[in-house]
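# Structural overview
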Amino acid sequence: MDEATRRRYLETIGITVWQRRDSLTELQPEPAEPPALDKPQLASPPAPDPVVAPPAESGEMPPAWLDEAPPLEGNWEPLEIEPVVPEEAYQASPAESDVAGLDWPALEKRVKGCRLCQLREGCTQTVFGVGNRQADLLIIGEAPGADEDRQGEPFVGRAGQLLNEMLLAMGLKRQQVFIANILKCRPPGNRDPRSEEALKCEPYLLRQIALIRPRVILSVGRISAQNLLKTEIAVGKLRGRIHNFGSSAIPLVVTYHPAYLLRSPEQKGKAWADLQLALSVLRGVAR
């Protein structure tokens, strides 16, 4: 077998022929077709392994609602917040603070009959809150929307479905936590709650917190976080830390609202880190 034929045969079966650099210029390609050869059947190269999203630092795979698990953020120190409004301005008046001694049935009845602001006149029903009244985790949103006003339960619809998935990723069911809002009535047109409306509703929420005695509060969304922490700092700067709420210094973690995550799914990774932070506090405190 001449050299040219040998070379074509080797190239046919996928073997690279190495040549000395000084001999490459001497070789001239031959236009003739190679002789018919019994070519061996080459096996197809194996398919590459599927790409799998990296697990979280805990060793678990990212939950179904999350595209990718980010590394946990390490800055968990409380953020020093200077209230933008003097604290005394947030104290309820005696007429509004007489809920302090109410039990659950009396408190719910008081909320249903509340007329301290104009919102009750325009909503279908009050949205008191739902869940385990001895829960370790309390979730606080902003205000009822159209679906919540219709069903009388917070966080239903698409945002509620996403919240349920987020809870399941934490190993919790909706029935194991308590879910409430800053406001008990739906603002018209789903507008943001006004400060005076939040102040009127605040005694009801504070009484719920006192009755539940949660180990951790998860504040979801800008309205919730800014009202609970009495600040105008953006959620992006409030999240990723453990805050202290009230005189009992209840650990409070801020995260994005599920409705915002539906509009901005690229922020889900940060929300997952926030949930892991809240979960780490829950695991570190025994009931």
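Everything here concerns the structure above.
This is a predicted model, so every value here is computed, not measured.

## Looking at the overall build of the protein chain
- For the protein chain, the helix and strand inventory stands at 10 helices and 6 strands.
- Counting across all 287 residues of the protein chain, residues that qualify as buried make up 41%.
- Taking the intrachain contacts of the protein chain between residues at least 6 apart in sequence as the baseline, contacts between residues at least 24 apart amount to 73%.
- For the protein chain, the exposed area adds up to about 16,600 Å²; of that, 51% sits on carbon and sulfur atoms.

## What about helix α6 (residues 195-212)?
- Here α6 contains 18 residues, and its C-alpha end-to-end distance of 25 Å stays within 8% of the 26 Å for a straight helix at 1.5 Å per residue.
- The sharpest bend along α6 reaches about 40° and sits at C201, with the proline P203 one to four residues further on.
- Buried within α6 are the following residues: E197, A198, C201, E202, P203, Y204, L205, R207, Q208, I209 and I212.
- Of the residues flanking the end of α6, it is R213, one or two places downstream, whose phi is positive at about 55°.

## Brief notes about the nonpolar core
- W65, L137, I139 and I217 are the most contacted members of the largest nonpolar core, which totals 63 residues.
- The greatest single-element share of this core, amounting to 8 residues, is contributed by helix α10 (residues 268-284).
- Those residues within four positions of I139 in sequence are excluded, and the remaining contacts are L163, L167, V177, F178, I179, A180, L218 and V220.

## Brief notes about unusual backbone geometry
- Not every positive phi belongs to a glycine, and N190 is a case in point at roughly 60°.
- As for its placement among the helices and strands, N190 is situated in the loop between β3 (178-181) and α6.
- On the basis of relative accessibility, which here comes to 42%, the residue N190 falls in the partly exposed class.
- In the Ramachandran plot, R213 falls in the positive-phi region, its phi being about 55° despite a non-glycine side chain.
- For R213, the location among the structural elements is in the loop between α6 and β4 (216-220).
- Its relative accessible area of 56% is what places R213 among the exposed residues.

## Regarding the sheet that holds β3
- Spatially, 6 strands are ordered β1-β3-β2-β4-β6-β5 in an open sheet, and the strand pairing comes out mixed. Lying at the two open borders of the sheet, with one neighbouring strand each, are β1 (130-131) and β5 (242-245).
- Bridge count for strand β2 (residues 137-141) against β4 is 4 bridges, and the pairing is parallel. Each residue of the ladder has a partner; that of I139, found in β4, is L218.

## Observations regarding the pattern of salt bridges
- Within this structure, the stated rule accounts for 9 salt bridges.
- Put simply, D147 and R150 hold a salt bridge, and the shortest N to O gap is 2.3 Å. Pair noted here: D147 and R150 are both in helix α4 (residues 146-151), with a separation of 3 residues, about one helical turn.
- Overall, R150 belongs to the exposed group, its relative accessible area being 52%.

## Description of the packing of aromatic side chains
- In total, this model carries 4 aromatic pairs according to the counting rule given.
- Relative to F128, the ring of W104 has its centre 5.9 Å away and its plane inclined at 80°; by these criteria the two rings are edge-to-face. Taken as a pair, W104 in helix α2 (residues 104-112) and F128 in the loop between α3 (119-122) and β1 lie far apart in primary sequence, 24 residues in all. You'll find W104 and F128 in the same group, each marked buried.
- Look at W104 and F178: their rings are 5.5 Å apart centre to centre, the planes differ by 45°, and that puts the pair in the tilted class. In this pair, W104 sits in helix α2 while F178 sits in strand β3, placing the two residues 74 residues apart along the sequence. In terms of burial, W104 and F178 fall into one category: buried.
- Through pairs of rings, three or more aromatic residues link up here, namely W104, F128 and F178.

## With respect to the environment of D147
- You can call D147 partly exposed: its relative accessible area is 28%.
- Separated by 13 residues in the primary sequence, D147 and G160 have C-alpha atoms spaced 9.8 Å apart.
- Ignoring any residue separated from it by four or fewer positions in sequence, one finds D147 in contact with V156 and G157.
- Looking at D147, its side chain comes within polar contact range of the side chain of R150, at 2.3 Å.

## As for the pairing of β3
- By the alternation rule, side chains of β3 split into F178 and A180 and I179 and N181, which are all buried.
- Bridge count for β1 against β3 is 2 bridges, and the pairing is antiparallel. Each bridged residue has a counterpart across the sheet, and for G131 the counterpart in β3 is F178.

Rules used in this analysis
Residues numbered from 1 in each chain as written. Predicted model: local features only at pLDDT ≥ 70, side-chain atom pairs only at ≥ 80, totals over all residues. Heavy atoms only, no water. Helix = DSSP H or I, 4+ residues; strand = E, 2+ residues; numbered from the N terminus. Buried < 20%, exposed > 50% of the residue type's maximum accessible area, 1.4 Å probe, protein only. Contact = heavy atoms within 4.5 Å. Areas by Shrake-Rupley, 256 points an atom, 1.4 Å probe, with all protein chains shown as cover. Expected span 1.5 Å × (residues − 1). Bend = angle between axes of the 7 residues up to and from the residue. Core = buried A, V, L, I, M, F, W, Y, C linked by side-chain atoms within 4.5 Å. Pairing = 2+ DSSP bridges. Salt bridge = Lys/Arg side-chain N within 4 Å of Asp/Glu carboxyl O. Phe/Tyr/Trp six-rings, centres within 6.5 Å; stacked < 30°, edge-to-face > 60°. Polar contact = N/O pair within 3.5 Å; in protein donor to acceptor, adjacent residues only side chain to side chain.

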